[in-house]
Amino acid sequence: MSWTEDRVDVLKKMWGEGKSASQIAKELGGVTRNAVIGKVHRLGLSNRSGGASPAKPTAKEKAPAKPKAADKPKVAASSPDPKPTTLAPAKVIPRPKLVVTAGQPLPPQPSANEISPEALASVREVEKKAKKLTVMQLTERTCKWPVGDPATEDFWFCGLPVQQGKPYCEAHVGVAFQPMSARRDRRR
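Residues numbered from 1 in each chain as written. Predicted model: local features only at pLDDT ≥ 70, side-chain atom pairs only at ≥ 80, totals over all residues. Heavy atoms only, no water.

(A) Structural view of the packing of aromatic side chains. A full pass over the atoms with the stated rule returns two aromatic pairs. Judged by centre distance (5.0 Å) and plane angle (75°), the ring pair of Trp 145 and Tyr 168 falls under edge-to-face. Within this pair, whereas Trp 145 is found in the loop between helix 4 (117-129) and strand 1 (146-147), its partner Tyr 168 is found in the loop between strand 2 (156-157) and helix 5 (170-176), the two being separated by 23 residues in sequence. According to the relative accessible area criterion, Tyr 168 is buried, its value standing at 15%. The interplanar angle of 75° and the centroid separation of 5.2 Å between the aromatic rings of Phe 155 and Phe 157 together place this pair among those described as edge-to-face. (Phe/Tyr/Trp six-rings, centres within 6.5 Å; stacked < 30°, edge-to-face > 60°. Helix = DSSP H or I, 4+ residues; strand = E, 2+ residues; numbered from the N terminus. Buried < 20%, exposed > 50% of the residue type's maximum accessible area, 1.4 Å probe, protein only.)

(B) Examining the environment of Val 147 more closely. Mapped onto the secondary structure, Val 147 falls in strand 1. Each C-alpha atom of the pair Val 147 and Glu 127 lies 8.5 Å from the other, and the pair is 20 residues apart in sequence.

(C) Representation of the nonpolar core in the model. In terms of nonpolar packing, the biggest core is built from 15 residues, with Val 126, Cys 143, Trp 145, Cys 158 and Cys 169 touching the most fellow members. Looking at this core, the elements with two or more residues in it are helix 4 and helix 5. In contact with Cys 158, other than residues within four places in its own chain, are Val 126, Ala 130, Lys 131, Lys 132, Cys 143, Trp 145, Cys 169 and His 172. Counting residues in hydrophobic clusters, the runner-up holds eleven residues, among them Leu 28, Val 36, Val 40 and Leu 45. (Core = buried A, V, L, I, M, F, W, Y, C linked by side-chain atoms within 4.5 Å. Contact = heavy atoms within 4.5 Å.)

(D) Local environment of the pattern of salt bridges. In the structure shown here, the tally under the stated rule is two salt bridges. Residue Lys 13 pairs with Glu 17 through a salt bridge whose shortest N-O separation is 3.0 Å. (Salt bridge = Lys/Arg side-chain N within 4 Å of Asp/Glu carboxyl O.)

(E) Just helix 1 (residues 5-16), in detail. For helix 1, with twelve residues, the first-to-last C-alpha span of 16 Å sits near the 16 Å given by 1.5 Å per residue. For helix 1, the complete set of buried residues consists of Arg 7, Val 8, Leu 11, Met 14, Trp 15 and Gly 16. Looking at the buried side of helix 1, the elements it contacts are helix 2 (21-28) and helix 3 (33-43). With its phi angle positive at about 90°, Gly 18 sits one or two positions after the end of helix 1. (Expected span 1.5 Å × (residues − 1).)

(F) Examining the confidence of the model for the chain more closely. Here the chain averages 75 in pLDDT, while 56% of its residues score no lower than 70. Here residues 51-55 is a poorly scored stretch, pLDDT under 50, and it has eight contacts once near neighbours within four places are set aside; other chains count. (pLDDT = per-residue confidence, 0-100.)

(G) Main features of helix 4. Its 13 residues place the ends of helix 4 19 Å apart at the C-alpha level, agreeing with the 18 Å of an ideal helix rising 1.5 Å per residue. Among the residues making up helix 4, those that are buried are Ala 119, Val 123, Val 126 and Glu 127. In an axial view of helix 4, the angular spread of the buried residues amounts to 100°, which keeps them on one side of the axis. Away from its buried face, by an angle of more than 90 degrees, helix 4 presents the exposed residues Pro 117, Glu 118, Lys 128 and Lys 129. Looking at the buried side of helix 4, the elements it contacts are strand 1, strand 2 and helix 5. (Arc of directions from axis to C-beta.)

(H) Fine view of the side chain of Lys 39. You can see Lys 39 is positioned in helix 3. An unpaired buried charge is present at Lys 39: no salt bridge exists, and Asp 9, the closest side chain of opposite charge, is 10 Å distant. Sequence-distant contacts of Lys 39, defined by excluding residues within four places in its chain, comprise Trp 3, Val 8 and Leu 11. (Lys, Arg positive; Asp, Glu negative; His and termini not counted.)

(I) The arrangement of the state of the cysteines in detail. Following the criterion strictly, the structure yields zero disulfides and no others. Distance from the sulfur of Cys 143, which forms no disulfide, to the nearest cysteine sulfur (Cys 169) is 3.8 Å. In this structure Cys 143 comes out as buried when scored by relative accessible area, which is 0%. For Cys 158, which is in no disulfide, the shortest distance to another cysteine sulfur is to Cys 143 and amounts to 3.8 Å. (Disulfide = S-S within 2.5 Å.)

Written as structure tokens, this is what we have:
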């Protein structure tokens, strides 16, 4: 459906008459009420100008019933009408920023004392051959193991081919997916 001049004229006329977007969409055919609303905004017709009054308000839009005289609070005749209170705008509380300090280990990387010496040696050798990719260069086939401090320019991802079904290369899978230690097994 395209907005021809004739269809735009019908839209403008019906909008000016106070018709709803749903009524206009039904009259035009082949267009949704959201498309009508979008076109109204693009044409700058958001404010109703002239024409008949808008459609009758629904139950949700109707004003609440006025309280009966018996329900009204007693106010002394000499006191002025109380002024309506206005609410102050809500304060926007900024979110705390993540601060990464130099030397702080990254959460997904185990510390050096948790990695077996063999695995650590293997990882160091692999990282010498790594492609050193940025986050924008990662694909589903590249190792996503982070290396370094993300707050520095020396931060990169491994980038070597991944082990099937895993997010990391063979060496980093050996570090990331270690079997439970014997000490943990004894606690159970």
